[in-house]
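# Residue-level structural notes
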Amino acid sequence: SEEEIRQIVETDIDQVPYLSGVNNHMGSKITADEPLMHIILKSLKQRNLFFIDSRTTNKSLAYRAARKLGIPSFYRHIFLDGKNDEDYIRRKLIELFRIAQKKGEAVGICHPLQETLKVLKENFYLVQKYNLEPVLASEVVR
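In what follows, the accompanying structure is described. (Residues numbered from 1 in each chain as written. Predicted model: local features only at pLDDT ≥ 70, side-chain atom pairs only at ≥ 80, totals over all residues. Heavy atoms only, no water.)

A word on the sheet that holds strand β3 (residues 73–75). Ordered in space as β1-β2-β3, the three strands form an open sheet in which the pairing is parallel. The outermost strands of the open sheet, each flanked by one partner alone, are β1 (21–23) and β3. Geometrically, the sheet is characterised by an average inter-axis angle of 15 degrees between neighbouring strands, direction not taken into account. Sheet topology note: the strand β2 (residues 50–53)/β3 ladder contains three bridges and is parallel. Bridge assignment links Ile 52 to a residue of β3, and that residue is Phe 74. (Pairing = 2+ DSSP bridges. Helix = DSSP H or I, 4+ residues; strand = E, 2+ residues; numbered from the N terminus. Axes fitted to C-alpha atoms, helices over the stretch in contact; angles between N-to-C directions.)

Take a look at the structure:
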């Protein structure tokens, strides 16, 4: 029910201190269902939280629904560690940087896995090579 969904979202939000925004880690079925997303997003709006659509499915309506509700939002361009392989992650990181150069901004998401963190640490210098400025997610939402 709508009340159960709202309660779950708000309970989860309350468990994270200093929260300024959220993204969907999974939930492809729900992100493709605009009425369900409205229930979830209303809770975010009431708490002045931003939303990043992880686009776990190409059928996601979450970003559009958030925009309709006036919630600061954006969407993911690259999922860095779809494979837990350092070479794969490095290639995805460079792909993210190229998208950011072309579009002026890009959002990448990942897991805090050992391999991912290693690749990020070892390749962070590339930010300068690609003439980019890393920013917090809260700075790209609109």
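The next thing to look at is the packing of helix α5 (residues 86–103) against helix α6 (residues 114–123). Put simply, α5 and α6 touch, their axes get as near as 9 Å, and they point 50 degrees apart. As judged from the angle between their axes, α5 and α6 are oblique. With respect to the hand of their crossing, α5 and α6 are arranged in right-handed fashion. On the side of α5, the interface is formed by Glu 86, Ile 89, Arg 90, Leu 93 and Phe 97, while α6 contributes Glu 115, Thr 116, Lys 118, Val 119, Leu 120, Glu 122 and Asn 123. A breakdown of the residues in the contact of α5 with α6 according to their chemical character gives five nonpolar, two polar and five charged. (Parallel < 35°, antiparallel > 145°, perpendicular 65-115°, else oblique. Left-handed = near helix turned anticlockwise from the far one by under 90°. Contact = heavy atoms within 4.5 Å. Nonpolar A, V, L, I, M, F, W, Y, C, P; charged D, E, K, R; others polar.)

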